[in-house]
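Observations on the model geometry
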Amino acid sequence: DDWIEIYNPGKNPVDIAGMYFSQDKENPLGYQIPKANSSLTTIQPGGFLLLWADGNPEQGILHLKFKLNQNGEYIGLFYEDGRSIDGLTFEKQNENMSYGRTSDGGKDWKELSVPTPGKSNQ
């Protein structure tokens, strides 16, 4: 299954419950992260949170109602009021490869040869 990892570069925990993922820049309020369990949606300072883009939200609040398009698309994270937090338009993806920041909290993106869910990118 596809997954999205969020890193918290800050000094305080961040709860993403209530925030939105969208695959459309013009409609930022696409899929809202449920506010059901903050212990699952809070990212500690320097920590990572893995969300499954598998189209199976019935499997839990960390499973999103959409899948990522292997041929490329836009994916963005937005505050509850629709302001952008971060976003990326990615190209065609290779199977079992990861696309991510070249360093934790960095600005540059690239295809990474080894997926590192829950850990710093290599």
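Residues numbered from 1 in each chain as written. Predicted model: local features only at pLDDT ≥ 70, side-chain atom pairs only at ≥ 80, totals over all residues. Heavy atoms only, no water.

Next up on the list: the nonpolar core. The biggest cluster of nonpolar side chains holds 20 residues, and the ones touching the most others in it are I4, I16, F21, L51, L64 and F66. Looking at which element gives the most residues to this core, the answer is strand β6 (residues 48-53), with three residues. (Core = buried A, V, L, I, M, F, W, Y, C linked by side-chain atoms within 4.5 Å. Buried < 20%, exposed > 50% of the residue type's maximum accessible area, 1.4 Å probe, protein only. Helix = DSSP H or I, 4+ residues; strand = E, 2+ residues; numbered from the N terminus.)

What follows is about the sheet that holds strand β4 (residues 31-32). Overall, antiparallel pairing links the four strands, which are arranged β4-β3-β7-β8 in an open sheet. Single-partner strands in this sheet number two, and they are β4 and β8 (84-90). As defined by bridge partners, strand β3 (residues 20-22) adjoins strand β7 (residues 73-78) across three bridges and the pair is classed as antiparallel. Bridge pairing links S22 to G76 in β7. (Pairing = 2+ DSSP bridges.)

Here the focus is the pattern of salt bridges. As enumerated under the stated definition, the model contains three salt bridges in all. A salt bridge links D86 to R101; the shortest N-O distance between them is 2.2 Å. A residue pair is termed long-range when its members are at least 10 positions apart, and D86 in strand β8 and R101 in strand β9 (residues 98-101) qualify at 15 residues. Here R101 falls in the buried class, since its relative accessible area comes to 17%. (Salt bridge = Lys/Arg side-chain N within 4 Å of Asp/Glu carboxyl O.)

All we've got here are geometric facts, nothing functional implied.
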